[in-house]
Amino acid sequence: DQQVKQNSPSLSVQEGRISILNCDYTNSMFDYFLWYKKYPAEGPTFLISISSIKDKNEDGRFTVFLNKSAKHLSLHIVPSQPGDSAVYFCAASAGGTSYGKLTFGQGTILTVHP
Amino acid sequence: ETGVTQTPRHLVMGMTNKKSLKCEQHLGHNAMYWYKQSAKKPLELMFVYNFKEQTENNSVPSRFSPECPNSSHLFLHLHTLQPEDSALYLCASSQEGGEGEKLFFGSGTQLSVL
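Residues numbered from 1 in each chain as written. Chains lettered and ligands numbered in written order. Predicted model: local features only at pLDDT ≥ 70, side-chain atom pairs only at ≥ 80, totals over all residues. Heavy atoms only, no water.

1. Some words on the pairing of strand β6 (residues 56-59) of chain A
All names here are of chain A. Stated formally: We call two strands paired when DSSP finds no fewer than two bridges between them. Where helices and strands are cited, they refer to DSSP runs of H or I of at least four residues and of E of at least two residues respectively, numbered from the N terminus.
Note that β6 and strand β7 (residues 62-67) share four bridges and pair antiparallel. Bridge pairing in β7 places asparagine 57 opposite valine 64. Between β6 and β7, which follow one another and run antiparallel, lie two residues, and glycine 60 among them has a positive phi close to 65 degrees.

Okay, structure coming up:
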């Protein structure tokens, strides 16, 4: 049973527009959420995170929104740039002694067209 | 060198071979991890080492044997693997006690078992 789901395998967006990537989770013990970006032939790199005590975290062009009641989070990229084209993974942690023991979604391939 | 370095980048092995994957982190972190990404599946946690002690074995078959001689080095010893073990193997590190959930990944070893 997959506890973190990214239901959109791919997303295509025009440069300058907003990209919205979605993630749903089922485990109510998750209290920390992260987004990673992965380019081909490279490992995932940390992008942005949010604690369950917040509903929004912003870092430059990237904003993550958390809706705990719906067990849903989303990543907004504004404005989107061609260099943002990559695979984006949502991940969750149950905190406590679970540091680093992340549960990942399947990933969403984002393509930003010039 | 900086970050997390994995060698080799690619590995092809037969089912009767014995090989080892190597990971080295230059970030001063005290926790290291092995994750596995099979085709079209999410990243899955395999092993966790905190302060050189294994704290997690996520029901991994015994044909995978981890070794952590110090907080900077991590190995994954492979023997009598099966074709279904073909996957991308990713090493990661983090700082337990800080933002422990924020993992820093290496570029991975793409393993093919024939």
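2. Digging into the pattern of salt bridges
Residue and element names in this part refer to chain B. Our working rule: Should a side-chain nitrogen of Lys or Arg be within 4 Å of a carboxyl oxygen of Asp or Glu, the pair is scored as a salt bridge.
Under the criterion given, the structure shown has four salt bridges over all chains. When the shortest N-O distance is used, the salt bridge between lysine 41 and glutamate 44 registers 4.0 Å. A salt bridge links arginine 63 to aspartate 85; its shortest N-O distance comes to 2.7 Å. Of this pair, arginine 63 sits in the loop between β6 (53-57) and β7 (64-70) while aspartate 85 is found in the loop between β8 (73-79) and β9 (87-94), placing the two residues 22 residues apart along the sequence.

3. Describing the packing of aromatic side chains
Going by this rule: In summary, the pairing rule links any two rings of Phe, Tyr or Trp, Trp by its six-membered ring, whose centres are within 6.5 Å, and it sorts them by plane angle into stacked for under 30 degrees, edge-to-face for over 60 and tilted for everything else. Categorising residues by exposure relies on relative accessible area from a 1.4 Å probe, with only protein chains included: less than 20% of the type maximum marks a residue as buried, more than 50% marks it as exposed, and the intermediate range marks it as partly exposed.
Applying the stated criterion across every chain yields a total of eleven aromatic pairs over all chains. Between the aromatic rings of B:Phe64 and B:Tyr89, the centroid separation amounts to 5.8 Å while the plane-to-plane angle is 35 degrees, which identifies the pairing as tilted. In this pair, B:Phe64 sits in strand β7 while B:Tyr89 sits in strand β9, placing the two residues 25 residues apart along the sequence. Here B:Phe64 matches B:Tyr89 in class, with each residue buried. Ring-pair connections join several aromatic residues into one group, and the members of that group are A:Tyr36, A:Phe46, A:Phe89, A:Phe104, B:Tyr33, B:Tyr35 and B:Phe105.

4. Observations regarding the sheet that holds strand β3 (residues 19-25) of chain A
Residue and element names in this part refer to chain A. Reading across from one edge, β1-β3-β8-β7-β6 is the order of the five strands in this open sheet, with antiparallel pairing throughout. The open sheet has two free edges, formed respectively by β1 (4-5) and β6, since each of these has just one partner strand. Where β1 and β3 come together, two bridges link them in antiparallel fashion. Its bridge partner being in β3, valine 4 is matched across the sheet by tyrosine 25.

5. Here we look at the interface of chain B and chain A
Formally: Contacts were defined at the residue level, with two residues in contact if any of their heavy atoms lie within 4.5 Å. Each of two parts loses accessible area, computed with a 1.4 Å probe, when they are put together; buried area is these two losses added. Throughout, the ten residues Ala, Val, Leu, Ile, Met, Phe, Trp, Tyr, Cys and Pro are labelled nonpolar, Asp, Glu, Lys and Arg are labelled charged, and all others, Gly among them, are labelled polar.
Listed as interface residues are 22 residues of chain B and, on the opposing side, 20 residues of chain A. Interface area for chain B against chain A, summed over the two sides, is near 1700 Å², with a carbon-plus-sulfur share of 62%. Counting across the interface, chain B meets chain A through zero salt bridges. For the side of chain B that touches chain A, the secondary structure elements donating two or more residues are β4 (31-37), β5 (44-50), β6 and β9 of chain B. The greatest single-element share of the side of chain B that touches chain A, amounting to three residues, is contributed by β4(B). Here the residues of the side of chain B that touches chain A sort into ten nonpolar, six polar and six charged.

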